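Each chain, letter by letter, is given below.
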Amino acid sequence: MKKVHESDFEYRFGDNGPKYLTKGPNIDLGIVVLKPGQDFQNHYHTTCEEVFYILEGNIDFYINNQRYPVQPGDMIQCSPGDSHYLINTSTAPFKAVFIKSPHIGVNDSVAIDAPIITKGVE
């Protein structure tokens, strides 16, 4: 059994980005926050599947360079190899829960160039 509170952990970039609430033994779970105008590096995972459940805000996910606008209550599931890029072009903060599985104990993220973003194109 493990019990933690979100306030016990720090975001990777001070007041934004991801923060892990647990790593392993079977899954990794955390929170990601992006403020208006912020983005998160386009990347993919070689082994892990990653799921995002949107809690607050509206942002654009780019999965394999295709845009998917999201809002609270939406879920995004990325299979290993699916590139995912997050950008908050709104005026409100974004917050989501993320789950990565399986926990493998090493970084399996591969950073890649951001997708080409064309305004107004769905």
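Everything here concerns the structure above.
Model, not experiment: these values are computed from the prediction.

What counts, and at which threshold
Residues numbered from 1 in each chain as written. Predicted model: local features only at pLDDT ≥ 70, side-chain atom pairs only at ≥ 80, totals over all residues. Heavy atoms only, no water. Pairing = 2+ DSSP bridges. Helix = DSSP H or I, 4+ residues; strand = E, 2+ residues; numbered from the N terminus. Axes fitted to C-alpha atoms, helices over the stretch in contact; angles between N-to-C directions. Contact = heavy atoms within 4.5 Å. Polar contact = N/O pair within 3.5 Å; in protein donor to acceptor, adjacent residues only side chain to side chain.

**Q** How do you make sense of the pairing of strand β4 (residues 49-56) when you look at a structure like this?
**A** Strand residues, when the strand is regular, have side chains that alternate between the two faces of the sheet. The pairing of β4 with strand β9 (residues 94-101) spans seven bridges and is classified as antiparallel. Among the inter-strand pairings, Ile54 is bridged to a residue of β9, identified as Ala96. Looking at chain direction, β4 and strand β7 (residues 75-78) are connected through four bridges and run antiparallel. Bridging across to β7, Glu50 finds its partner in Cys78.

**Q** Sorry if this is basic, but what is going on with the sheet that holds strand β10 (residues 109-111) here?
**A** Strands belonging to one sheet form pairs held by backbone hydrogen bonds; the direction of such a pair is parallel or antiparallel. With antiparallel pairing, five strands are arranged side by side in an open sheet as β6-β5-β8-β3-β10. Two strands lie at the open edges of the sheet, namely β6 (66-70) and β10, each paired on one side alone. When the angles between neighbouring strand axes are averaged without regard to direction, this sheet yields 30°. Bridging between strand β5 (residues 59-63) and strand β8 (residues 84-87) involves four bridges; their strand directions are antiparallel. Of the residues in β8, the one forming a bridge with Asp60 is Ile87.

**Q** I keep staring at unusual backbone geometry and nothing clicks. Help me out?
**A** One can expect most non-glycine residues to show negative phi and most peptide bonds to be in trans. Omega for the peptide link from Gly24 to Pro25 comes to 10°, which places this bond in the cis form. Summarising the element assignment, Pro25 is placed in the loop between β1 (17-23) and β2 (28-34). The peptide bond linking Ser101 to Pro102 adopts the cis configuration, its omega dihedral lying at 0°. Within the secondary structure layout, Pro102 lies in the loop between β9 and β10. The phi torsion at Asn64 lies on the positive side, around 50°, for a residue other than glycine. The phi angle at Asn65 is positive, at roughly 70°, despite the residue not being glycine. Here Asn65 shows up in the loop between β5 and β6.

**Q** I keep staring at the environment of His103 and nothing clicks. Help me out?
**A** Among the secondary structure elements, His103 is positioned in the loop between β9 and β10. Between the C-alpha atom of His103 and that of Ile76, which follows or precedes it by 27 residues, the distance is 19 Å. His103 has contacts with Lys23, Gly24, Pro25, Asn26, Ile27 and Asp28, leaving out every residue within four places of it along the chain. A polar contact is formed between the side chain of His103 and the side chain of Asp28, at a distance of 2.6 Å.

**Q** I'm lost on the side chain of Lys19 in this one. Help?
**A** Following the sequence through the fold, Lys19 ends up in strand β1. Of the polar contacts made by the side chain of Lys19, one reaches the backbone oxygen of Glu6; its length is 3.0 Å. Look past the residues within four positions of Lys19 in its chain and what remains in contact with it is Glu6, Phe9, Glu10, Tyr11, Gly30, Ile31 and Phe98.

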